[in-house]
Amino acid sequence: MASHREDWAIAAPGLLLLLLAFLVPVGSILALGVRTEGGEFTPAYVIRFLTEPYYLGISWRTIKLSVVITLVCALVGFPFAYIMARVGPRLRLWLVILITLPLMTSVVVRTFGWMVLLGRGGLVPDIMRSLGLVRRNYTLMHTEVAIVVGMVQILFPFMVLSILGVILRMDPRLEEAARVMGCTFLQSVRRVVLPVATPGIVAGSLLVFTLSASYFITPSLLGGARLPVLAGSIYETATRTQDWPFAAAQSLILFTAVLLLLFPYIRLTRKAGG
Amino acid sequence: MTMAAVELNCVTKSFGDVQVIKGVSLAIRKGEFVSLLGPSGCGKTTLLRMIAGLEKVTTGSIIIGGTNSTRLPPERRDIAMVFQSYALLPHLTVRENVMFPLRMRRLGRKDEQQRRVDEVLEMVQLGHLANRRPRELSGGQQQRVAVARAVVSRPQVLLLDEPLSNLDARLRESMQEELIQLHRQTGLTTVFVTHDQEEALSLSDRVVLLNEGRIEQEGAPTDLYSAPATPFSASFMGSSNLLDVQIEAAKGAPCATLAPGSALPLEPGCAAAGPATITFRQEDVQLLPADAEEGILATVETRLFLGSRIRYVITAGAHRFRCLASPGHSFAAGQAIRVRIPPGRIRVIGRTLA
Ligand SMILES: Nc1ncnc2c1ncn2[C@@H]1O[C@H](COP(=O)(O)OP(=O)(O)OP(=O)(O)O)[C@@H](O)[C@H]1O
Ligand SMILES: [Mg+2]
């Protein structure tokens, strides 16, 4: 009991800061979405969002893209993190620098880079054309593929670093034990490393999913006006039409969706934590 | 010719430029319990890992059960290993851990596998914990799971790398007894790595003493204990004293001169005159009062009460040595005494190199 009270005492300053700097501003924005100008409760904005096919389409695209981005990050990130964990410490340091270096440049700059690479006459369509895959004047710009490519590049480090942490903490003897018990190399990765690294994969996926669901610069620039996502729509609503209550209602829906995702995650990690 | 279970032929191992195993040849009989003993860094773990296939052999060959396994990966060798850290799979229960080698090696049908797992878990008295996860077990229980998991597939060779070193002294003793029991029940060929000479002596049929990547001496525990062949063996087999002395063969019986006027008699004909190293065990040193008729003059430097025994550090001239005595008679630190060692208990182990 006493230790519980001590826990709270230690956490208090942090909680207070969180309350002032995060919960209050976010809370007041979200409240905007369910209040009339007079200050009474109204679900009108939320209902409007949930009944208009245009906005449902945006939501569906947001979820679909976030899932694909998360899957691509996890599928590429796990082997990448495993290799990073198994090379020597020097090479690992270089690899960490290599994948985090992009984080140090502006997202806008990197996105412009992708626009050049993916656009008409850019490097990627050129290569595809010389391989005979596409016709002239082919462009990857303003496609969902472009959004996925751009977002994966931005969010990849989050996935890799959270998986890397778990694999580095794992006893390397576990894999050797698996080999001695009859596993081939691939079986030992599949039956030992993968299950042990699951908490890291789940944490990384959560990060990547929530970040990609709430990113708007890259999807807007690479996807264009024809492929809006929820975060972009919130931005448009707030800045262009200046419909603040409706923008707040959309934020509320995004926020709730992400929260709903958190609960199974907490369950999962609690189970993995024994 | 009977086939050895494991045969090492001139095995060497280099990490980069550093050669850590410098030519080891060893044949282990079927059902034999062999200990690899040696100080830290002498290459015990490396040698064991080469038998397991976890470390590449630089030169030489390893033959397991008649199959040249030098280049085989671990999963294609018929072995099992207990790691010092146990290496239990944390996401599996005790039962699933023990089942794992049977499943991966596809040994027997599902119900046979179940039966075998139950059998082995009973053998190590863990039946009631079968559904726990490793982190919910004590160190001793984890150790037993690791052993159960290793013996369940009845491998050609069971390899153990200091499996008891993480346990406290009492638990270690009872686990040693259980290991002997288990070896008797299963008859598995066993290679046991340890740096604890008592453990090696009490468990094994044969002790292989390693020193800097080479076999220093091998033999039955009693041989190694009572007849160390080199100064290294003598000092490593513990509780032995090593003294550099001058052998003098005056008047028939030779004696080892520690200082002018103070000489220990030796058995006739055991060594020629000249400088040499002698060795004798701590428990063979007899302490007598200073006014005794025989023995050489010496002084008690320190006295250590160990419970069942008392350990003295004795100085005689420029020499120091240890003595393990029963608590019957007692001498104080600083006291002058006389020391006698039965001539048959002193071994001359070659010329001093210095
Ligand atoms: N992967 C490695 N790379 C380089 N050197 C190594 C490697 N593994 C072991 N060594 C060296 O090989 C020598 C033997 O190591 P090994 O682990 O076999 O010793 P050991 O007898 O098991 O010692 P301990 O009783 O401390 O476990 C040591 O000098 C060690 O530094
Ligand atoms: Mg070792």
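Conventions and cut-offs
- Residues numbered from 1 in each chain as written.
- Chains lettered and ligands numbered in written order.
- Predicted model: local features only at pLDDT ≥ 70, side-chain atom pairs only at ≥ 80, totals over all residues.
- Heavy atoms only, no water.
- UniProt positions renumbered as here; feature names shortened; annotations may be inferred.
- Contact = heavy atoms within 4.5 Å.
- Salt bridge = Lys/Arg side-chain N within 4 Å of Asp/Glu carboxyl O.
- Polar contact = N/O pair within 3.5 Å; in protein donor to acceptor, adjacent residues only side chain to side chain.
- Helix = DSSP H or I, 4+ residues; strand = E, 2+ residues; numbered from the N terminus.
- 1 Å grid on protein atoms, 1.4 Å probe; cavity = no way out; pocket = protein on both sides within 12 Å on 5 of 7 lines; lining within 4 Å.
- Points joined across faces, edges and corners; volume = space filled by probe spheres on them.
- Nonpolar A, V, L, I, M, F, W, Y, C, P; charged D, E, K, R; others polar.
- Axes fitted to C-alpha atoms, helices over the stretch in contact; angles between N-to-C directions.
- Parallel < 35°, antiparallel > 145°, perpendicular 65-115°, else oblique.
- Left-handed = near helix turned anticlockwise from the far one by under 90°.
- Near = heavy atom within 4 Å.
- Domains from an automatic or database assignment.
- Buried area = accessible area lost by both parts, 1.4 Å probe.
- Buried < 20%, exposed > 50% of the residue type's maximum accessible area, 1.4 Å probe, protein only.
- Pairing = 2+ DSSP bridges.

In the annotation of an unreviewed UniProt entry, the entry for chain A reads ABC transporter permease, and the organism field reads Enterovirga aerilata. Per UniProt, the comment on chain A under Subcellular location (unreviewed entry) is "Cell membrane". Check the Sequence similarities (unreviewed entry) section of the UniProt entry for chain A; it says "Belongs to the binding-protein-dependent transport system permease family. CysTW subfamily."

Asker: Summarise the interface of chain B and chain A; cite the residues concerned and give the values.
Answerer: Each side of the interface is counted separately: chain B has 23 residues, and chain A has 21 residues. Summed over the shared surface of chain B and chain A, the number is two salt bridges. Linking E176 of chain A and R49 of chain B is a salt bridge whose minimum nitrogen-to-oxygen distance equals 2.7 Å. Along the contact surface separating chain B from chain A lie five residue pairs in polar contact (both at pLDDT 80 or more). Mapped by element, the contributors of at least two residues to the side of chain B that touches chain A are α1 (44-52), β6 (79-82) and α2 (94-104) of chain B.

Asker: Now, about empty space enclosed by the protein: what can you tell me, with residues and values included?
Answerer: A complete count under the given rule lists three cavities of 30 Å³ or more for this structure. In this model, the largest cavity occupies a volume close to 70 Å³. Along its surface, the largest cavity is lined by A177, V180 and M181 of chain A together with I79, A80, M81, F83, P101, R105, R149, A150 and S153 of chain B. Every element with two or more residues in the lining of the largest cavity is listed here: α8 (173-180) of chain A together with β6 and α4 (139-151) of chain B. Partitioned by chemical class, the residues of the lining of the largest cavity number nine nonpolar, one polar and two charged. The space that makes up the second largest cavity amounts to roughly 60 Å³. Secondary structure elements with two or more residues in the lining of the second largest cavity: β7 (157-161) and α5 (169-186) of chain B.

Asker: Describe the packing of helix α4 (residues 89-100) of chain A against helix α7 (residues 144-169) of chain A, naming the residues involved and giving the relevant values.
Answerer: Residue and element names in this part refer to chain A. Contact geometry of α4 with α7 gives a least axis separation of 10 Å together with a crossing angle of 155 degrees. Looking at the two axes, α4 sits roughly antiparallel to α7. The two elements α4 and α7 cross, and the hand of that crossing is left-handed. Across from R92, V96, I99 and T100 in α4, the residues of α7 making contact are P157, V160, L161, L164 and L168. The residue inventory of the contact of α4 with α7, partitioned by class, reads seven nonpolar, one polar and one charged.

Asker: Would you mind going over the site of ligand 1 in detail, with residue names and values included?
Answerer: All names here are of chain B. Looking at ligand 1, the residues that line it are F15, V20, P39, S40, G41, C42, G43, K44, T45, T46 and E162. One of the backbone nitrogen or oxygen atoms of G41 is found 2.8 Å away from an oxygen atom of ligand 1. In this structure, an oxygen atom belonging to ligand 1 sits 2.8 Å away from a side-chain N or O atom of K44. Broken down by element, the shell around ligand 1 gets its largest block of residues, three residues, from α1.

Asker: Tell me about the domain arrangement of chain B, and please be specific about residues and values.
Answerer: Residues and elements named next belong to chain B. Looking at chain B, the domain boundaries give domain 1 (6-231) and domain 2 (239-348). Counting from both sides, the interface comprises five residues of domain 1 and, opposite them, five residues of domain 2. Together, Y225, P228 and P231 form the three largest contributors to the area buried by domain 1 at its contact with domain 2, with a combined 80%. At the junction of domain 1 with domain 2, the criterion picks out zero salt bridges. A breakdown of the residues in the side of domain 1 that touches domain 2 according to their chemical character gives four nonpolar, one polar and no charged.

Asker: I'd like a description of the UniProt feature "domain: ABC transmembrane type-1" (unreviewed entry) in chain A, backed by residues and values.
Answerer: In the numbering used here, UniProt assigns the "domain: ABC transmembrane type-1" (unreviewed entry) feature to residues 59-265 of chain A. Helix makes up 79% of residues 59-265 of chain A and strand makes up 0%, while its end C-alpha atoms are separated by 21 Å.

Asker: For unusual backbone geometry, give the residues involved together with the corresponding values.
Answerer: Residues and elements named next belong to chain B. Even without being glycine, Q125 reaches a positive phi, approximately 55 degrees. Its place among the elements puts Q125 in the loop between α3 (110-123) and α4. For Q125, a relative accessible area of 47% gives the class partly exposed.

Asker: Lay out the sheet that holds strand β2 (residues 18-28) of chain B in plain terms, naming residues and giving numbers.
Answerer: All names here are of chain B. If you trace the four strands from one edge of the open sheet to the other, you get β2-β1-β4-β5, paired in antiparallel fashion. Each edge of the open sheet is held by one strand with a lone partner, namely β2 and β5 (67-68). Pairing of strand β1 (residues 6-15) with β2 involves eight bridges; the strand directions are antiparallel. Its bridge partner lying in β2, F15 is registered against V18. Where α1 meets the sheet, its contacts fall on β1, β2 and β4 (59-64), and the angle it forms with β1 comes to roughly 120 degrees.

Asker: Break down the packing of helix α5 (residues 107-118) of chain A against helix α6 (residues 123-130) of chain A for me, citing the residues and quoting the values.
Answerer: Residues and elements named next belong to chain A. Interaxial distance between α5 and α6 falls to 4 Å at its minimum, and their mutual angle equals 25 degrees. By the angle class used here, α5 and α6 are roughly parallel. Here V116, L117 and L118 of α5 come into contact with α6, specifically with L123, V124 and P125. Here the contact of α5 with α6 is built from residues that sort into six nonpolar, no polar and no charged.

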